[in-house]
There are 2 protein chains.
Amino acid sequence: MQVVTTIAELRAQLDPMRREGRSIGFVPTMGYLHQGHAALVQAARRECDVVVVSIFVNPLQFAPSEDYESYPRDPERDRGILAAAEVDFLFQPDVREMYPRPLLTQVSVPELSATLEGRTRPTHFQGVATVVLKLFHIVGPHRAYFGQKDGQQVAVVRRLIEDLDLPIDLRAVETVREPDGLALSSRNVYLSPEERQAAPCLHEALLQGREAALAGQGSRAVQAAIEERIRRTPLACLDYAAVVDPRTMQPKSDLTGPVMLAVAASLGRTRLIDNLVLEL
Amino acid sequence: MQVVTTIAELRAQLDPMRREGRSIGFVPTMGYLHQGHAALVQAARRECDVVVVSIFVNPLQFAPSEDYESYPRDPERDRGILAAAEVDFLFQPDVREMYPRPLLTQVSVPELSATLEGRTRPTHFQGVATVVLKLFHIVGPHRAYFGQKDGQQVAVVRRLIEDLDLPIDLRAVETVREPDGLALSSRNVYLSPEERQAAPCLHEALLQGREAALAGQGSRAVQAAIEERIRRTPLACLDYAAVVDPRTMQPKSDLTGPVMLAVAASLGRTRLIDNLVLEL
């Protein structure tokens, strides 16, 4: 695995490969890798000739009050994981390489970014859209891999790709979970032992919502089922439970076709999210 | 010259050429071509292996009150001009090919878009930035050619390319003028004979501004010199005269380094713009 820190060097490496007709798979990450990232890398490895992983904690997608400074980092360990997973290139730029001048260009998908996560994190998806578009231009991948755990991010990036005619195939990879159902997340490391024990309530809540949906209940009842399970968990504080269209992120009242059940809750100072997509 | 109307077909044509290492030059236009466009095509022909010209009147960059419907069109004549100029591909999509679904993604460079043209056309450069980015993704050019006549557009696209790490070399090509100094523009066709006769006042005003600047006068005096020449023209109605940094479009008080003198005026119902970039 080659570790590359500059845009120019990465292009110099990838351009000849692209000309040879080799397909490039790209997995953008913020590091502190876990088995969820590993699943993305494995999918890329399976489907592409060349696998590029980026590690960049993007300041633009954190609000000033959020955990940009304290976001967990372990570059040594990350490199070991990626080398073992037979990644070809690790792109690990610093902030000055990615933002060498004031960023005057704004990229956003407001309609998909205002709901759910956007209500508590109003600037988050603009930061995501911007850095993902920059990374797409830098890497020039044929396929890009994102975890379904961040379902709204998948929707935003998918729409960005469609609206802007990017020649990239977005691959959403199923959420990887702990044995007790907790979705893997770099932020799980923040949880105290008690909070960790309570954390599977998000997944359990989604399963209750799914049960209600499969039983033919309406969207309000499904949402209530999710909420009820979170409220029964003393350590958990519900942020939202929602029943939305997985492409538009708009509330879905008619429960047919694809439906996304989404939940966000805080355990102590750690905010977790999870979702399930059903085909009804 | 091949005429291509779909994105898929254009990609199918260009991808193998890109893989062969041939350089692609791209000239985006709204058609109704004149010698200014021809100069862009000639520059592309000189510098690139493959030349792609697009003709697309982009509804997104017209306000509802503007001339989208009546914007002059002459596809037959345009094709003849481009074929004679040895263009390889004319990309001529219709509106449904470019906007097949509601566009939810927004791309803009607000700080460069609010001044000058942006004051009377507040949504114009967001439309330009969006369609140019889409076309860049569709064509995948190595170099893109824009006329310096639209100086603010050049600044917006240049910043878009820099901020988003697009691997594209922007080439700004000098304004082509009629013998009497009038900058070529597709909108010149709107001018009545009397208005046409008065229209060189924009260029003359800029020359007066340049004279003042070269004589060491300050930016207010330079601006006043431009304004004065327009005001002396009975048929012309001044919109703005400005002395700005050609990269940031912000007013420049210290007249050293590169300086852009810009002017906009209406002759009857036709609004014309022009600019000069000086190195002081």
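Remember, predicted model here, so these are calculated numbers, not experimental data.

When its secondary structure is counted, chain A shows eleven helices and ten strands. Taking 2.2 N^0.38 as the reference for a compact globule, 280 residues should give roughly 19 Å; the C-alpha atoms of chain A span a radius of gyration of 19 Å, in line with that estimate. Principal-axis analysis of the C-alpha atoms places the extent of chain A at approximately 55 × 40 × 40 Å.

A word on the pairing of strand 7 (residues 169–173) of chain A. All names here are of chain A. The pairing of strand 6 (residues 143–147) with strand 7 spans five bridges and is classified as parallel. Each residue of the ladder has a partner; that of Arg143, found in strand 7, is Asp169. Handedness of the strand 6-helix 8 (residues 151–163)-strand 7 crossover: right-handed.

Residue and element names in this part refer to chain A. The contact between helix 10 (residues 201–214) and helix 11 (residues 219–231) brings their axes to 8 Å, and the two run at 155°. Put simply, helix 10 runs roughly antiparallel to helix 11. Handedness of the crossing formed by helix 10 with helix 11: right-handed. Of the residues in helix 11, those in contact with Cys201, Glu204, Ala205, Leu206, Gln208, Gly209, Ala212 and Ala213 of helix 10 are Ala221, Val222, Ala225, Ile226, Arg229 and Ile230. Per-class residue counts for the contact of helix 10 with helix 11 are ten nonpolar, two polar and two charged.

Further remarks concern the packing of helix 7 (residues 124–139) of chain B against helix 8 (residues 151–163) of chain B. Angle between the axes and distance between the axes: these two values describe a pair of packed helices. Residues and elements named next belong to chain B. Look at helix 7 against helix 8: their axes get within 10 Å of each other, and the N-to-C directions meet at 50°. The orientation of helix 7 relative to helix 8 falls into the category oblique. Judged by the twist between their axes, the crossing of helix 7 over helix 8 is right-handed. Each of Phe125, Val128, Ala129, Val132 and Leu133 in helix 7 lies in contact with helix 8, whose residues at this interface are Gln153, Val156, Val157 and Leu160. Class assignment of the residues belonging to the contact of helix 7 with helix 8 gives a composition of eight nonpolar, one polar and no charged.

Below, the discussion takes up the domain arrangement of chain A. Residue and element names in this part refer to chain A. Each assigned domain of chain A is listed here: domain 1 (2–173) and domain 2 (186–275). The distance between the C-alpha centroids of domain 1 and domain 2 comes to 26 Å. With 13 residues of domain 1 at the contact, the number on the domain 2 side is 15 residues. Broken down by secondary-structure element, the contributors of at least two residues to the side of domain 1 that touches domain 2 are helix 6 (117–120) and helix 8. Across the side of domain 1 that touches domain 2, the residue classes tally to six nonpolar, five polar and two charged.

What follows deals with the relation of the copies chain A and chain B. The operation relating chain A to chain B is a screw motion whose rotation component is 180°, with 0.0 Å of axial translation and a residual RMSD of 0.0 Å. What the superposition gives is, in effect, a two-fold axis relating one chain to the other. When the interface residues of chain A are mapped onto chain B, 100% of them are again interface residues, pointing to one common binding face.

Glancing now at the nonpolar core. Among the nonpolar cores identified, the biggest contains 160 residues, and Val139 and Val263 of chain A together with Val263 of chain B are the most heavily contacted of them. Among all residues touching Val263 of chain A, those that are not within four sequence positions of it are Leu202, Ala205, Leu206, Ile226, Ile230, Ala241, Ile273 and Asp274 of chain A.

A few words now on the confidence of the model for chain A. On average, residues of chain A score 97 in pLDDT, and 100% of them are at 70 or above. The complex prediction reports pTM at 0.97, with the ipTM value standing at 0.96.

This paragraph deals with the interface of chain A and chain B. Bring the parts together and some accessible area is lost; that lost area is often taken as the interface size. Listed per partner, the contact involves 25 residues of chain A and 25 residues of chain B. For the side of chain A that touches chain B, the elements supplying multiple residues, two or more each, are helix 1 (7–19), strand 5 (106–108), helix 5 (110–113), helix 7 (124–139) and helix 8 of chain A. For the side of chain A that touches chain B, the element with the most residues is helix 7 of chain A, which contributes four residues. Considered class by class, the residues forming the side of chain A that touches chain B number 13 nonpolar, five polar and seven charged. Sheet topology places strand 5 of chain A next to strand 5 (residues 106–108) of chain B; three bridges connect them, and they run antiparallel. Opposite Val107 of chain A, over in strand 5 of chain B, you have Val107 of chain B as the bridge partner.

Residues and elements named next belong to chain A. An ideal rise of 1.5 Å per residue puts 18 Å on 13 residues; helix 2 (residues 35–47) measures up with 18 Å between its terminal C-alpha atoms. Regarding helix 2, the residues found buried are Gly36, His37, Leu40, Val41 and Ala44. Along the axis of helix 2, the buried residues cluster in a sector spanning 140°; they form a single face. Buried residues along helix 2 sit against strand 2 (24–29), strand 3 (50–55), helix 3 (75–84), strand 6 and strand 7.

Once that is clear, we can look at unusual backbone geometry. One can expect most non-glycine residues to show negative phi and most peptide bonds to be in trans. A positive phi angle, near 45°, is found at Leu116 of chain A, a position not held by glycine. Here Leu116 of chain A shows up in the loop between helix 5 and helix 6. A positive phi angle is found at Tyr32 of chain B, which is not glycine, with a value near 50°. With respect to the secondary-structure elements, Tyr32 of chain B resides in the loop between strand 2 (24–29) and helix 2 (35–47). Taking the number of C-beta atoms within 10 Å as the measure of exposure, Tyr32 of chain B has 19 and is therefore partly exposed.

Topologically, Glu66 of chain B is positioned in the loop between strand 3 (50–55) and helix 3 (75–84). Considered as a pair, Glu66 of chain B and Arg271 of chain B are 205 residues apart in the sequence and their alpha carbons are 11 Å apart.

In this section: the pairing of strand 9 (residues 258–267) of chain B. All names here are of chain B. Most of strand 9 sits out of view: eight of its ten residues are buried. Here eight bridges tie strand 8 (residues 236–244) to strand 9, and the two strands are oriented antiparallel to one another. Looking at strand 9, one finds that Val243 is bridged to Leu261. Bridging between strand 9 and strand 10 (residues 270–279) involves ten bridges; their strand directions are antiparallel. Bridge pairing in strand 10 links Ala264 to Ile273. In textbook terms, the turn of a hairpin is the stretch between consecutive antiparallel strands, and for strand 9 and strand 10 this stretch comprises two residues, one of which, Gly268, has a positive phi near 65°.

With that settled, consider the sheet that holds strand 1 (residues 2–4) of chain A. All names here are of chain A. Here we have six strands laid out as an open sheet, ordered 1-4-3-2-6-7, and parallel in their pairing. Across the chains shown, the open sheet's two edge strands, defined by having one partner strand only, are strand 1 and strand 7. With direction set aside, neighbouring strand axes in the sheet form an average angle of 25°. Sheet topology note: the strand 3/strand 4 (residues 89–91) ladder contains three bridges and is parallel. Of the residues in strand 4, the one forming a bridge with Ser54 is Phe91. Sheet strands touched by helix 2: strand 2, strand 3, strand 6 and strand 7. Its angle to strand 6, the strand with the most contacts, is close to 155°.

What counts and how
Residues numbered from 1 in each chain as written. Chains lettered and ligands numbered in written order. Predicted model: local features only at pLDDT ≥ 70, side-chain atom pairs only at ≥ 80, totals over all residues. Helix = DSSP H or I, 4+ residues; strand = E, 2+ residues; numbered from the N terminus. Rg over C-alpha atoms; globule rule 2.2 N^0.38 Å. Pairing = 2+ DSSP bridges. Right-handed = clockwise from strand over helix to strand, strands pointing away. Axes fitted to C-alpha atoms, helices over the stretch in contact; angles between N-to-C directions. Parallel < 35°, antiparallel > 145°, perpendicular 65-115°, else oblique. Left-handed = near helix turned anticlockwise from the far one by under 90°. Contact = placed C-beta atoms within 7 Å. Nonpolar A, V, L, I, M, F, W, Y, C, P; charged D, E, K, R; others polar. Domains from an automatic or database assignment. Least-squares fit on C-alpha atoms with pLDDT ≥ 70 in both. Core = buried A, V, L, I, M, F, W, Y, C linked by C-beta atoms within 7 Å. Buried ≥ 20, exposed ≤ 12 C-beta atoms within 10 Å, placed from the backbone. pLDDT = per-residue confidence, 0-100. Expected span 1.5 Å × (residues − 1). Arc of directions from axis to C-beta.

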